[in-house]
Amino acid sequence: MANKFIIPLPPVVGVVPGQTATLDIPIGPRYHVLWLQGTVKRTGVAPALTDIFGDLRVKINGKPVRTHTAAQINAINTLMGADFAYTVSGGSGGGGAPQAGDTCTFLLPLFLAEPWRKQYAETALMAWPTSWPGGSKLATFQLEMDTPNNANTSLHAITAFCESDNVLGMVDSKGNPVFTLSKWNRLAVPYTGGGDVYIVTLPKREIYQQISLFTNTDTITHLKVKVDGTIITDADKSVNDVTLVAREMNLAALSTTRFDRVFDYDDDPKSALLMQFGGASVQDFQVIPTLSGGLGNPLIITVLYQTYGLPDL
């Protein structure tokens, strides 16, 4: 265990509507949470999280290891527990709710360590070191943020702070740095209407912790997951959702337009889906959602998938 620091990060550069802002994160500490604090004013309608934060990309040594929108990662955080959702201040409505014309500040956490895990060791395992014994360090650690250019918005500002400690990363028996981390990637899959959609282009490597399927309007009523002919999942959404709630996930965060398959839902990292079967690398990996209809516009399933493994440095 180590003392945790809650300190500001360097200034966010380039906060301009319609452009990409950047945050260069100092090398040295081990990071548990990155907190983004975004302020925006909107007239006509109440300001929202999506008025200040769009796509977010976490990069290590210049390569993305996490890609998602602020709204998507907030949906995942909120599923894990209501306390992990973003907060907002500055609203003039009842209970501080944002109203048209308000200037509001949204505080969004990007969890690297995962505080919803029930054992401290599993939580700390997910924290990201940036330096190791012997002097090894990451070259760069950066966050890119697309700033939306929504109508009738102004006063865009973003700052950030972190929760960190000074623990060095682990090394192997030869003293080489060991760096495994939890990554988020995204895939857009078009479809033409109701029925089964076969998703066969997900990477057949690493360890899958979670796959979340987002639609615009349609409900994913059923999901099958097959690995080299073995059925890992064959469940209606109602059945899947019950299993999540039974593991203390947030009932209120379940959505008719999102199907969440959390492989390590029991908080044991070993329950995640390893892309090896019978000791051999997986050759066939199919994720097959069944959709209720073709009502969305566009007809796209956004697959947000979380894997655990080495960064592509």
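In what follows, the structure referred to is the one given above.
All figures in this text were calculated on a predicted structure; none of them were measured in a lab. (Residues numbered from 1 in each chain as written. Predicted model: local features only at pLDDT ≥ 70, side-chain atom pairs only at ≥ 80, totals over all residues. Heavy atoms only, no water.)

Focus on the overall build of the protein chain
Helices and strands together make up the secondary structure of the protein chain, namely three helices and 21 strands. On C-alpha atoms alone, the protein chain measures out to a radius of gyration of 20 Å, which is about the 20 Å that the 2.2 N^0.38 rule sets for 313 residues. Overall, the C-alpha framework of the protein chain stretches about 55 × 55 × 35 Å when taken along its three principal axes. A burial count over the protein chain gives 48% of its 313 residues as buried. (Helix = DSSP H or I, 4+ residues; strand = E, 2+ residues; numbered from the N terminus. Rg over C-alpha atoms; globule rule 2.2 N^0.38 Å. Buried < 20%, exposed > 50% of the residue type's maximum accessible area, 1.4 Å probe, protein only.)

Quick notes on the packing of aromatic side chains
Enumeration over the complete set of coordinates arrives at 11 aromatic pairs. Seen in terms of ring centroids, Tyr 31 and Phe 141 are 5.5 Å apart; in terms of plane orientation they differ by 65 degrees. Their pairing is edge-to-face. Residue Tyr 31 is found in strand β3 (residues 30-42), and its partner Phe 141 is found in strand β9 (residues 141-146); the two are separated by 110 residues along the sequence. Among the residues examined, Tyr 31 registers a relative accessible area of 1% and is labelled buried. Relative accessible area serves as the criterion here: at 2%, Phe 141 is assigned to the buried category. Among the aromatic residues, those joined into a cluster by ring pairs are Trp 35, Phe 84, Phe 111, Trp 116 and Phe 161. (Phe/Tyr/Trp six-rings, centres within 6.5 Å; stacked < 30°, edge-to-face > 60°.)

Describing the nonpolar core
Membership of the largest hydrophobic core comes to 40 residues, with the highest contact counts inside it found for Leu 34, Phe 53, Leu 56, Trp 128, Phe 141, Leu 143 and Met 145. Elements with a minimum of two residues in this core: β2 (20-24), β3, β4 (55-60), α1 (70-80), β7 (103-111), β9, β10 (153-165) and β11 (181-190). Not counting residues up to four positions away in its chain, the partners in contact with Phe 141 are Leu 23, Asp 24, Ile 25, Ile 27, Tyr 31, Leu 34, Val 58, Lys 59, Ile 60, Leu 112, Trp 128 and Thr 130. Of all hydrophobic cores here, the second largest spans 23 residues; its members include Val 189, Tyr 208, Ile 211 and Phe 259. (Core = buried A, V, L, I, M, F, W, Y, C linked by side-chain atoms within 4.5 Å. Contact = heavy atoms within 4.5 Å.)

Description of the sheet that holds strand β15 (residues 230-236)
The strand order across the open sheet built from four strands is β12-β20-β14-β15, with neighbouring strands paired in antiparallel fashion. In the strand order of this sheet, the two ends are held by β12 (195-196) and β15, each with one partner. Inspection of the sheet shows strand β14 (residues 220-227) paired to strand β20 (residues 285-291) by seven bridges, in the antiparallel sense. Across the sheet, residue Lys 224 finds its bridge partner in β20, namely Ile 288. This element, helix α3 (residues 237-246), spans β14 and β15 of the sheet and lies at about 100 degrees to β15. (Pairing = 2+ DSSP bridges. Axes fitted to C-alpha atoms, helices over the stretch in contact; angles between N-to-C directions.)

What about the pairing of strand β21 (residues 300-309)?
Within a regular beta strand, the side chains point alternately toward one face of the sheet and then the other, so they alternate between its two faces. For β21, a buried count of nine out of 10 residues is recorded, marking the element as mostly surrounded by other parts of the structure. Across 10 bridges, the pairing between β11 and β21 is antiparallel. In the strand pairing of β21, Ser 182 is matched with Tyr 308. One ladder, built from seven bridges, connects strand β13 (residues 207-214) with β21; its direction is antiparallel. Counted as the bridge partner of Phe 214 is Thr 302 from β21.

As for the side chain of Ser 164
Positionally, Ser 164 belongs in strand β10. Every residue in contact with Ser 164, bar those within four places of it in the chain, is listed here: Asn 3, Lys 4, Phe 5, Ile 7, Pro 29, Arg 30, Tyr 31 and His 32.

Thoughts on α1
Among the 11 residues that make up α1, 10 are buried, leaving the element largely enclosed by the rest of the structure. Among all positions of α1, only Ala 70, Gln 72, Ile 73, Asn 74, Ala 75, Ile 76, Asn 77, Thr 78, Leu 79 and Met 80 are buried.

Considerations on the pattern of salt bridges
When their charged atoms lie close together, side chains carrying opposite charge are able to pair. Applying the stated rule across the entire model yields 13 salt bridges. Glu 206 is the partner of Arg 205 in a salt bridge, and the nearest nitrogen-oxygen pair spans 3.2 Å. A relative accessible area of 42% means that Arg 205 is categorised as partly exposed. Members of the salt-bridge network, linked through shared partners, are Asp 55, Arg 57, Lys 59, Glu 144, Asp 146 and Arg 186. (Salt bridge = Lys/Arg side-chain N within 4 Å of Asp/Glu carboxyl O.)

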